[in-house]
Every structure is written in structure tokens, then in C-alpha cells.
Amino acid sequence: MDLDAFTELLTPRGRRALAEAGELTGADPVVAATTLRKTYDAGLTSAALTQAGLRQRARAKFGADAGRMFFTPHGLEQSTRAEVAEHRARRLLALHGGAPRVVDACCGIGGDLLALARAGCTVSAVDTDPLTVAVARANAEALGLADRVTVSVADAAEVRPENYDVLFADPARRTGRGRTFDPMAYSPPWPVVLGLISRAGLACLKVAPGLPYEFIPERAEAEWISYKGEVKEATLWTGQGGGRRATLLPGGHTLTAAGVRAPVGPPGRYVYEPDGAAIRAHLVGEVAELVGGRLLDPMIAYVTADAPATTPWAAGYEVEDVLPFSLKKLRAALRERQIGNVTIKKRGSAVDIERLRTDLRLSGPNSLVVILTRILDKPSVILCKDLSPARITESGHPYDNRDLSIQP
């Protein structure tokens, strides 16, 4: 879809074509195209069907708003999920202490600028691609936010953050060869981004969750955000002090670094897997403190404890057995329990999960969680079940008499 085709979608005729394309979503593509071609030319038919398909896909990120918004394929892929953008907008307002004037240096299709405008900010946004700018403008208009938003075609390097209260930047992380994990290959490149935030009083920078720690500027707070258990992105905040933070959405739970060093010890009756945001933020010690636990290995993010605990910061499992890693012993243990279905997790293990699943030759009506990890630097297997409140009783654990030390 080029700029001319998108512009036609915004005309009354184009909007009718888009509405009809929306009604054909899910139909056979040939049938849908043939139906629209009875009324519209090939270009408009293609643009309308493409946009209708993008709106359908966008519902996972934007909910009901997706039905009124406009997208490009790359723009949708790189856009921020609405709940994450809303969280960031709320926090930005709290840090600033009011509704600031924000410059969005890399606006894309406008996912973040829309959340900022809805929160009460006045947003001036730029992007280098004319089509993307047109889409962002159309989205602001479609959601009734045009009076708070201006979008222009410009290079982020030309932005003057010192003229605004807040700089927001989401540099593109795609190249002609696909997604990039190298900040120096961002657009704009990392040195340009650092130059922008150095001139801003308060800056909010969206980056990939795997950003190497050495790229985090001094005195910047790094926040990793997890949505329904999946780490979505990281945000760097400058102008308000440094530190590390993890946030869970949609609950809004936040955990900050307190310098906790978790002890290391033998397996207990429970094992906990910290949320990915806490792991990325190096807050495993803080999670261990929440559950009253210890690390199974100083280099592995699994926590064990002797008593049950409930926390949004970790998935919990009750342990049935702990074994040194051996395919033969693991297969025998699963056969004894009549395990026909396993959820295999691993951390600190080089085992190929899919090959292991085949080699186990599972059979039986029961299910189990198998954790492959290292315990005090020894390859080990933990057999366990999901820990749920209904299975935690005052009398303790159903395996109270089981020896959970690693068997020779």
C-alpha cells in the first residue's frame, strides 16, 4: 500500500470500500477480491482488503479501537500494545507532575502518541516516512485526538527536545534484512538517540527488552514490562534518577531493585520461576525474598522454598522429585507415574527439548512439569506440578515424607 492508495481510503468512496472489505474478513481471498472488484478498481480493492486484514490482526493489540484505526504491516508489527502505552503515559504524567508538552521523535503509526494524547498530553510527533505520518494523522483523527496531536514528516535528528517538557522516542528496530538487536543499527542510530535524550529534561525511550546493559545510559532508570507473562519491551527513563524496575501488566505490579542477594541452597518442596521482566531487570533476589526462598544455583533464575507462597512475580510448582539428569532415569520416573503429557521447561541446560520429548516415549493419563536446570552446577531434573491455592493446605505439602535431595 502506497501513500496514494492510503489517501484514497480516507475519501468517502474509500471508506465505503473499507467497510465492505471489513464485512468480507474471513472469506476466501479470491471471493472477497472478486466481490469488491464489482464496484471498485483493483488498487482500491487491494488497499481496502489489506487494511481490513490489518484491523483484524490489530485487535490483539488495540482492542475495539482497531476497528477505527489504520495500519501498515510494519507499523502494526512495531507498534506498542495499548495497555503498555497507557501504562507508560500514566507514569510519564506522574513523573512530570501534570500534562506535559511531548515531542515524539519516532512516532510510527501512533500507538504511543495516541495514549499520550488520551492521557492529556499535547504531542508533536515526527516520522521520516510520509505514509506512516499519514496513518498516524488518520489515527489521531479517527479517535478524536487531532486537537492534541500534530504529526510531521521530519528526521528525528532534527527534533529539539529542549523546546518540550518531555522527549519520547521509539527508534525503529528493523532494517532491510528484518528485525535488528543491535542498537547501533536502530533508526535513528544509538548515538543520535543518546544525543536527543541528553538535551531533554525528562525522556522516555522505548527499546528492545534484550538491550545489553552496557547501552543503558548512566543515571537512567531501566524498566522492563511484562504483559500476561510475556516480556514485551523495556523503557529507559532519564531525568528522574537511575535504577532498575520491573512492571507486570495488566495488574500494574512494580518491583524495584533493593540490592537483595539471595542465598543458595538445596531443593525445597517448592520451586518458583520468576517472571521474565524480573529476570531481565536482575531482580531475582528480590523475588526470592518475596517467597522466602533461595537459589538452586547462583547462576540460574530458579528459586526454591520450603513453604508455599503466592506472588504475581513468579509461577510456582510443588516438587515431586529431584533427579540428576539421565534420560534413562527420567523415562523410568515418568513411566512409573503414568505420565503421558509433560510441560518441559529449561534454564541452564543444553538439552534439545523436542528431541527429549520424542526420546521419553510418553504414555499414560497423567501430566507433569519437567524442569531441566543445574543445581549447584550439576545437571538436574525437577519433577513437579503447578502450584495452585486449592492444593496448598494448612497441613503442608502432600509429599511431606519424601526426601527431595538429589538422588545418586
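Right above here is the structure, for reference.
Residues numbered from 1 in each chain as written. Predicted model: local features only at pLDDT ≥ 70, side-chain atom pairs only at ≥ 80, totals over all residues. Heavy atoms only, no water.

## Examining the state of the cysteines
Scanning all chains against the criterion turns up zero disulfides. Cys121 carries a free sulfur, and the closest cysteine sulfur to it, the one in Cys204, is 10 Å from it. (Disulfide = S-S within 2.5 Å.)

## With respect to the packing of aromatic side chains
Per the stated rule, a full pass over the model turns up five aromatic pairs. Plain terms: the ring middles of Trp190 and Phe215 are 6.0 Å apart, the flat faces sit at 85° to each other, and that makes the pair edge-to-face. Residue Trp190 is found in helix 9 (residues 190-198), and its partner Phe215 is found in the loop between strand 7 (202-207) and strand 8 (220-227); the two are separated by 25 residues along the sequence. On the basis of relative accessibility, which here comes to 3%, the residue Trp190 falls in the buried class. A ring pair is formed by Tyr213 and Trp224, whose centres lie 5.6 Å apart and whose planes are at 15°; its orientation type is stacked. Separated by eleven residues along the polypeptide, Tyr213 in the loop between strand 7 and strand 8 and Trp224 in strand 8 bring together distant segments of the chain. Residue Tyr213 is classed as partly exposed on the basis of its relative accessible area, which comes to 31%. One aromatic cluster is present, built from ring pairs that chain together Tyr186, Trp190 and Phe215. One residue, Arg55, lies across the ring of Phe70, its end atom 4.8 Å from the ring centre. Directly above the aromatic system of Trp237 lies the positively charged group of Arg91, at a separation of 4.9 Å from the ring centroid. (Phe/Tyr/Trp six-rings, centres within 6.5 Å; stacked < 30°, edge-to-face > 60°. Helix = DSSP H or I, 4+ residues; strand = E, 2+ residues; numbered from the N terminus. Buried < 20%, exposed > 50% of the residue type's maximum accessible area, 1.4 Å probe, protein only. Lys NZ or Arg CZ within 6 Å of the ring centre and 35° of its normal.)

## Quick notes on the sheet that holds strand 13 (residues 294-295)
By way of backbone hydrogen bonds, the strands of a sheet pair with one another, either parallel or antiparallel. On the basis of which strands lie adjacent, the open sheet formed by seven strands has the order 13-14-12-15-18-17-16 and mixed pairing. Looking at which strands have only one partner, the edges of the open sheet turn out to be strand 13 and strand 16 (339-346). Sheet strands touched by helix 11 (residues 284-291): strand 12 (270-274), strand 13, strand 14 (303-305) and strand 15 (314-324). Its angle to strand 14, the strand with the most contacts, is close to 15°. Strand contacts of helix 13 (residues 353-360): strand 16 and strand 17 (366-375), with the helix running at about 155° to strand 16, the strand carrying the most contacts. (Pairing = 2+ DSSP bridges. Contact = heavy atoms within 4.5 Å. Axes fitted to C-alpha atoms, helices over the stretch in contact; angles between N-to-C directions.)

Purely spatial values, then, with no claim about function.
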